[in-house]
Amino acid sequence: MSCFIVKGAGVAGLAVAHELLRRGANVDIVDLKETIGQGSSFFAGGMLAPYCETEAAEEMVLKRGLHAADWWDQAVPGAVTRNGTLVVAQPRELSDLLHFASRTTGHVWVDRDGIAALEPSLAGRFDKALFFAAEAHLDPRRALVRLAENIRQLGGQFHFGSRPPSTKNCSVILDCTGPAAIAHMRGLRGVRGEMLHLETGEVSLSRPVRMLHPRHPIYVVPRDNHRFMVGATMIEMDDDGPISARSLMELLNAAYALHPAFGEARVVETGVGIRPAFTDNAPRVVETTEGLAIAGMYRHGFLLAPAMAVSAATRLSKGLRFTKE
Ligand SMILES: Cc1cc2nc3c(=O)[nH]c(=O)nc-3n(C[C@H](O)[C@H](O)[C@H](O)COP(=O)(O)OP(=O)(O)OC[C@H]3O[C@@H](n4cnc5c(N)ncnc54)[C@H](O)[C@@H]3O)c2cc1C
């Protein structure tokens with residue numbers, strides 16, 4: 001049976017481990033941290049938004065991200081919520097909404113009544129919005145915990161912290177170390193993303209809502225227990241130190257502009273993740289001296305890890321014998 005070591009238990013590492021195990025390989029997953037998903041994946045919004053993302057990304061993101069929700073549904077049944085995405089802007093920023101519409105597909109325009117029907121909490125707050133019905137979202141932390149459980153059930157073994165893995169006869173290593181690869185992979189850089197979690201029972205949302213703004217575009221992703229993930233800054237640096245006062249103020253101001261009840265919400269968490277990215281912001285499966293690397297997931301880890309994992313596993317299966325292929 002083919003045998004692999006996956007370095008990194010973030011979304012890229014877990015997705016490829018699952019793909020390899022599904023094909024009958026023997027997989028060990030190692031991570032420097034004490035548990036899974038503690039890297040940049042921990043801070044993600046969990047939006048599976050291939051249509052919205054093409055506003056600022058290559059067409060490849062749409063093509064490769066289209067089946068992400070199906071992959072997650074199969075790998076982690078019940079993890080995905082398929083309620084679409086709503087994109088709003090204040091009436092004075094209608095030109096931003098028109099611009100967003102011109103750069104994306106897969107949406108319909110909705111008016112005040114349509115907005116109220118989709119998101120009663122936002123009734124009367126916006127004149128127009130774009131609704132991307134085919135998009136989805138998941139809770140990244142929960143999804144990764146459940147994906148890891150399924151990996152264990154398929155026979156995958158985890159090795160955390162300083163405990164060294166038993167390398168057996170594995171000759172192929174998959175580097176899925178996310179931002180840590182910046183130190184040794186040419187062309188990889190970090191893009192800092194600051195986020196926070198708010199808790200309030202005064203607002204209820206069924207789907208991610210993106211609010212366009214010339215300086216501070218934000219999104220709010222609903223979680224269970226009246227929590228909302230508010231994100232995210234995009235700063236060209238790989239410093240993962242605490243959120244700045246300025247970013248905190250800007251994210252809170254934007255959330256307040258989306259709904260004033262967010263002004264009374266509790267700030268239950270702030271966080272900073274580093275998005276590993278190549279100059280074109282497209283992820284890659286890269287050949288290394290030890291095997292392959294899945295690198296540069298940028299702001300599309302949950303959206304594009306499935307496609308990258310399938311691509312890496314297919315490449316490996318051409319050169320190595322799997323039990324189920
Ligand atoms: C604020 C924010 C919001 C985001 N929102 C979204 C979103 O809504 N949708 C979406 O698709 N994407 C989103 N992203 C992007 C997504 O989070 C990243 O693309 C993704 O998490 C990168 O995953 P990764 O597995 O490559 O890296 P990581 O999640 O960082 O995982 C790398 C792992 O490797 C481990 N590691 C490092 N060095 C070693 C080593 N030498 N040996 C063993 N293990 C090692 C680390 O401990 C870590 O666990 C967001 C990112 C941020 C910061």
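Everything in this summary refers to the structure shown in the same document. (Residues numbered from 1 in each chain as written. Predicted model: local features only at pLDDT ≥ 70, side-chain atom pairs only at ≥ 80, totals over all residues. Heavy atoms only, no water.)

## Description of the site of the ligand
Alright, step 1. Taken together, 36 residues sit near the ligand, with D31, S40, S41, Y298 and F302 positioned nearest.
Alright, step 2. Within the backbone of R299, one N or O atom sits 3.0 Å away from a nitrogen atom of the ligand.
Alright, step 3. In isolation the ligand exposes 1,000 Å². Once the protein is present, 93% of that is buried.
Alright, step 4. Elements with a contribution of two residues or more to the shell around the ligand: α1 (11-22), β2 (26-31), β10 (189-199), β14 (266-277) and α9 (301-319).
Alright, step 5. With three residues, the top contributor of residues to the shell around the ligand is α9.
Alright, step 6. Along the lines of polarity and charge, the residues of the shell around the ligand split into 18 nonpolar, 13 polar and five charged.
Alright, step 7. Two domains each provide a minimum of three residues to the shell around the ligand, namely domain 1 (3-63 + 139-184 + 280-317) and domain 2 (85-133 + 189-277). (Near = heavy atom within 4 Å. Polar contact = N/O pair within 3.5 Å; in protein donor to acceptor, adjacent residues only side chain to side chain. Areas by Shrake-Rupley, 256 points an atom, 1.4 Å probe, with all protein chains shown as cover. Helix = DSSP H or I, 4+ residues; strand = E, 2+ residues; numbered from the N terminus. Nonpolar A, V, L, I, M, F, W, Y, C, P; charged D, E, K, R; others polar. Domains from an automatic or database assignment.)

## Quick word on unusual backbone geometry
Alright, step 1. A232 follows G231 through a cis peptide bond whose omega is -15°.
Alright, step 2. The backbone phi angle of H226 is positive, close to 60°, even though this residue is not glycine.
Alright, step 3. Within the secondary structure, H226 sits in the loop between β12 (218-222) and β13 (227-231).

## Some words on α9
Alright, step 1. With 19 residues, α9 extends 26 Å between its outermost C-alpha atoms, agreeing within 8% with the 27 Å of an ideal straight helix rising 1.5 Å per residue.
Alright, step 2. Among all positions in α9, only G301, F302, L303, L304, A305, P306, M308, A309, A312, A313, L316 and S317 are buried. (Expected span 1.5 Å × (residues − 1). Buried < 20%, exposed > 50% of the residue type's maximum accessible area, 1.4 Å probe, protein only.)

## Points about the nonpolar core
Alright, step 1. Ranked by internal contacts, the top residues of the largest apolar core, which has 51 residues, are W72 and L174.
Alright, step 2. No other element matches α9, which puts nine residues into this core.
Alright, step 3. Judged by nonpolar contacts, the second largest core, of 28 residues, contains V110, L198, I218 and V272. (Core = buried A, V, L, I, M, F, W, Y, C linked by side-chain atoms within 4.5 Å.)

## Comments concerning α1
Alright, step 1. Here α1 contains 12 residues, and its C-alpha end-to-end distance of 16 Å stays within 8% of the 16 Å for a straight helix at 1.5 Å per residue.
Alright, step 2. Burial within α1 is extensive, with 11 of its 12 residues counted as buried.
Alright, step 3. Taken together, the buried positions of α1 are occupied by V11, A12, G13, L14, A15, V16, A17, H18, E19, L20 and L21.
Alright, step 4. Looking at the residues trailing α1, positive phi occurs at G24, about 95°.

## Some thoughts on the environment of P306
Alright, step 1. If you trace the backbone, P306 turns up in helix α9.
Alright, step 2. For P306, a relative accessible area of 4% corresponds to the buried category.
Alright, step 3. For the pair P306 and W72, spaced 234 residues apart in the sequence, the C-alpha separation amounts to 7.8 Å.
Alright, step 4. Not counting chain neighbours up to four residues away, the residues in contact with P306 comprise A68, W71 and W72. (Contact = heavy atoms within 4.5 Å.)

## A look at the packing of aromatic side chains
Alright, step 1. In total, this model carries six aromatic pairs according to the counting rule given.
Alright, step 2. Centre to centre, the rings of F42 and F43 are 5.4 Å apart; their planes meet at 85°, and the pair counts as edge-to-face.
Alright, step 3. An angle of 85° between the planes, with centres 6.0 Å apart, marks the rings of F100 and F132 as edge-to-face. Here F100 is found in helix α5 (residues 94-102), whereas its partner F132 is found in strand β6 (residues 129-132), with 32 residues between them in sequence.
Alright, step 4. Since its relative accessible area comes to 4%, F100 is described here as buried.
Alright, step 5. Joined through ring pairs, the aromatic side chains of W71, W72 and F302 make up one cluster.
Alright, step 6. Above the ring of W109, the side-chain terminus of K128 is found at 5.9 Å from the ring centroid.
Alright, step 7. R141 extends its terminal NZ or CZ atom over the ring of F42, reaching a point 3.5 Å from the ring centre. (Phe/Tyr/Trp six-rings, centres within 6.5 Å; stacked < 30°, edge-to-face > 60°. Lys NZ or Arg CZ within 6 Å of the ring centre and 35° of its normal.)

## A few points about the packing of helix α4 (residues 68-75) against helix α7 (residues 140-153)
Alright, step 1. Two numbers describe how α4 lies on α7: the axes approach to 10 Å, and their chain directions differ by 55°. The orientation of α4 relative to α7 falls into the category oblique. The residues of α7 that touch α4, namely those facing W71, W72 and A75, are A143, L144, L147 and N150.
Alright, step 2. In terms of residue class, the contact of α4 with α7 is built from six nonpolar, one polar and no charged. (Axes fitted to C-alpha atoms, helices over the stretch in contact; angles between N-to-C directions. Parallel < 35°, antiparallel > 145°, perpendicular 65-115°, else oblique.)

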